[in-house]
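Results of the structural survey
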Amino acid sequence: MTGPAIVSSPVSGRGPSWGHLPALDGIRAFAVLSVVLFHAGIAGLAGGFLGVDTFFVLSGFLITSLLLAERRRTGRIDLIRFWVRRIRRLLPALLAMLLATVVAGRFLLDSDALALVRTDAYAALGYLANWRMIFRGTGYAAVTAAPSPLQHTWSLGIEEQFYLLWPLIVAALTIKLTLRRARTVLVVLCAAGAAASAVLCAWLYRPESISRAYYGTDTRAQALLIGALLAGVLAYAESRRPGGRAALGVTALLGAGVTGWLWHSASETAPWMYQGGLTVAALATAAVIAHVVVSPAAPMARFLGLAPLAALGRISYGVYLWHWPVFLFVTADATGLSRWPLLVVRLAGTLAVAVLSYHLIEQPIRHGALTGWRPTAVTVGALGVLIAVIGYATVPAVEPAPADAPVIAISVAPAPAVPGTPRRSRTPAPVVPINRPGRPGSAGNEPRITFFGDSVSWTIGTYLPPHPGMWTSVRSIQGCGIATLPRIRQLDEPFTNYPGCPAWESRWRKGVARDNPDVAVINLNRWELMDRYYEGRYQHVGDPGYDAYLLRQLDKAVTIAGSRGAAVVLLTASYTRRAERPDGSLYPEDRPERVDAWNRLLRAEAARRPGRITVLDLNPVVCPGGEFTWRVNRLKVRSDGLHYTPSGVQRVIAPWLLPKLAAVAAGTYRAPGQQPALTTPRSRRG
């Protein structure tokens, strides 16, 4: 997306001789539009991500053409001069974008995301962002994080790696061989390299995680090498004969049609995309480039060279650089806008910043604005300043623990025995949890509470304020729910279970055996709401077949949690806003209707075991008014749209929850509208 727009004409000898081609700018315009609108979630552009491959092909073609033209014109390739031009063209705008993004992130991102962005920024600065995205980490915070505001720099990393290595290869060939022989070897090398890259891409593709195939330099080099191959082929004058031009015109029409179809229909998770689809997309782009270069007066070239398209193409680098941070920071939650109004604001902001970047940063520096400032010293100084700013700005601000966290004293007495002989029933009367057989005798009347579930449950159990008179423990497993089907859709991306999650049953059993709780609290709020591949298709809570699966898993969870006689409390899931889709809508797992469907399953499970399960409705406590909110009574209760803050747990959740858990343990809890139940305590043993 950053290749030069001028291919130098040779002074003598055979080869191409074209100047600035507005049609190539038009191709850039369509490519950046496809990427931006794909990220905006526009219907009909499911394959818009392939605009990046269009840029790759263009870069491979233009860079190789420049290098061959310089060798033909001067007899050598000045590598230092080439790399300096690339630095002047690309680095200043990148530095500006990184600076703005990390500073904005300090105020707009949660602490976990900010810590990840620090390494993202350093990787982007070193043009290694694609490998960073592959190996971003397997920790819970990394694998469940919202998309990085620097995620889009992966493609810049691949291009810069190409700009570093490819000129060395071309220069080595032209030193050892005559120019004509070097071109022949280059064409063969490009063809073999592109084929090897395509094979490697297919081999490394995994349906549960496409990152290695999608972001790898080796797997995506095929597009760059196809562009370089085109440059080598067009270096022969014979390829420009009239008969060849006509054939290229037909091929270009076919290539344009294939490109349009791919941009409309392709999926970045489809297996065929990595088993030849990316190669076809690159070849289709190459056909269009070949035609407009060889026949700049052809109708297609004239159309692509229209002034508005050419103008957008010239600022396409800035548009690409800025659009993704703008999209992630200008959200529906922050602006109150959605869909089309939100898109208009985002596009206007992106275009404005890109135009300013082009005229105030990119072009002045590219054309020598810093010549008298010792550019090397300025560059090193700018890098040093940015490295320091990244280090400072991405250190999360330490939130002081609330000094006024309430102390919630718990004092319970078991439910009184019912005089007389209890009425006969097929269902034995529930045992008061703090009087159950097998309970540790040393516990006295102090309720024993254990939390099970995922990371949301972990935050509740971990952040509780002091609560004398109640013993608590946390056996929640961060990143793991009770649904274990391996093929998952998280934030619209393929995913699989976090390591250790399939063993949740044994981990819960060990927790019950060690803690022997009176009340087992289960809170599940994420993994059961995602799409999972089940019975031949992706399904989610609310689909009858998948609901049946979830109920079976929930039944296992309740059975395990209550296996030592504990009363089981199911906390309802609450509405979340972990991240927004690019169009401002919620990802499926954040949609309120899924939360409601899951909570209905909780109540259905409780109805199957009357008197054994208590459902406590946490959702209206943290989402008053029936919708997600970051704050309750001006107190921030969510840290990242999903998890609870320490102060939120201590001042909002715990005062509501702990007395109810104590009442459940004592057998005295009554749900709203429920009549007191008659219970018969039994003697304790042990």
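Note: the structure precedes this text.
Residues numbered from 1 in each chain as written. Predicted model: local features only at pLDDT ≥ 70, side-chain atom pairs only at ≥ 80, totals over all residues. Heavy atoms only, no water.

Quick look at a nonpolar patch on the surface now. Residues Leu99, Val103, Phe107 and Leu108 make up a contiguous nonpolar surface patch of roughly 400 Å² in combined accessible area. One can find Leu108 in helix α3 (residues 79-108). (Patch = residues over 30% accessible without salt bridge, like charges linked within 9 Å, V, L, I, M, F, W, Y side chains within 5 Å. Areas by Shrake-Rupley, 256 points an atom, 1.4 Å probe, with all protein chains shown as cover. Salt bridge = Lys/Arg side-chain N within 4 Å of Asp/Glu carboxyl O. Helix = DSSP H or I, 4+ residues; strand = E, 2+ residues; numbered from the N terminus.)

Per the counting criterion, the structure on display carries 1 disulfide. Here Cys480 pairs with Cys501 through a disulfide, and the sulfurs are 2.0 Å apart. Judged by the sign of its S-S torsion, about -80 degrees, the bond between Cys480 and Cys501 is left-handed. Of this pair, Cys480 sits in the loop between β2 (471-474) and β3 (488-490) while Cys501 is found in the loop between β4 (493-495) and α20 (504-515), placing the two residues 21 residues apart along the sequence. Of the two residues examined, Cys480 and Cys501, each falls in the buried class. (Disulfide = S-S within 2.5 Å. Buried < 20%, exposed > 50% of the residue type's maximum accessible area, 1.4 Å probe, protein only.)

Another aspect to go through is the packing of aromatic side chains. Aromatic ring pairs are described here by two measures, namely the spacing of the ring centres and the angle between the planes. The tally for this structure, following the rule as stated, stands at 21 aromatic pairs. Relative to Tyr546, the ring of Tyr534 lies with its centre 6.1 Å away and its plane at 65 degrees, an arrangement referred to as edge-to-face. With Tyr534 in strand β6 (residues 531-534) and Tyr546 in helix α21 (residues 544-561), the pair connects residues that are 12 residues apart, well separated along the chain. For the pair Tyr534 and Tyr546, a shared accessibility class is recorded, and that class is buried. An aromatic cluster of at least three residues, connected via ring pairs, comprises Phe38, Phe49, Phe56, Trp154, Tyr214 and Tyr215. Directly above the ring of Tyr392 sits Arg106, whose terminal nitrogen or CZ lies 5.0 Å from the centroid. It is Arg487 that lies over the ring of Tyr533; its NZ or CZ is 4.1 Å from the centre. (Phe/Tyr/Trp six-rings, centres within 6.5 Å; stacked < 30°, edge-to-face > 60°. Lys NZ or Arg CZ within 6 Å of the ring centre and 35° of its normal.)

As a further point, take the environment of Leu229. Looking at the element boundaries, Leu229 is found in helix α10 (residues 217-234). C-alpha of Leu229 to C-alpha of Gly193: the two residues are 36 residues apart in sequence and 9.8 Å apart in space. In contact with Leu229, other than residues within four places in its own chain, are Val187, Cys190 and Ala191. (Contact = heavy atoms within 4.5 Å.)

What follows is about the pattern of salt bridges. One pass over the structure, following the stated rule, counts 22 salt bridges. The partner of Arg89 in a salt bridge is Glu362, with the nearest N and O atoms 3.2 Å apart. Of this pair, Arg89 sits in helix α3 while Glu362 sits in helix α17 (residues 339-366), and the two are 273 residues apart along the sequence. Note on accessibility: Arg89 and Glu362 belong to one class, buried. Close ionic contact of Arg603 with Asp617 constitutes a salt bridge, the shortest N to O distance being 3.2 Å. Placement of Arg603 in helix α22 (residues 592-608) and of Asp617 in the loop between β9 (613-616) and α23 (619-622) is noted, with a sequence separation of 14 residues between them. Note on Asp617: relative accessible area 31%, which makes it partly exposed. Through salt bridges with shared partners, one network takes in Asp555, Glu605, Arg608 and Arg609.

Relative to each other, helix α1 (residues 22-39) and helix α14 (residues 307-314) sit at 70 degrees, their axes nearing to 7 Å. Between α1 and α14, the angle falls in the class roughly perpendicular. The residues of α14 that touch α1, namely those facing Pro22, Asp25, Gly26, Arg28, Ala29, Phe30, Val32 and Leu33, are Leu309, Ala310, Leu312, Gly313 and Arg314. (Axes fitted to C-alpha atoms, helices over the stretch in contact; angles between N-to-C directions. Parallel < 35°, antiparallel > 145°, perpendicular 65-115°, else oblique.)

Across the sheet, which stays open at both edges, the 4 strands sit in the order β4-β3-β6-β7 with antiparallel pairing between neighbours. Pairing within the sheet leaves two strands with one partner each, and these edge strands are β4 and β7 (537-539). On average, adjacent strands in this sheet sit at an angle of 35 degrees to one another, irrespective of strand direction. As paired strands, β6 and β7 are joined by 3 bridges and run antiparallel to one another. Each residue of the ladder has a partner; that of Tyr534, found in β7, is Arg537. Packed on one face of the sheet, α21 meets β6 and β7 and runs near 95 degrees to β6. (Pairing = 2+ DSSP bridges.)

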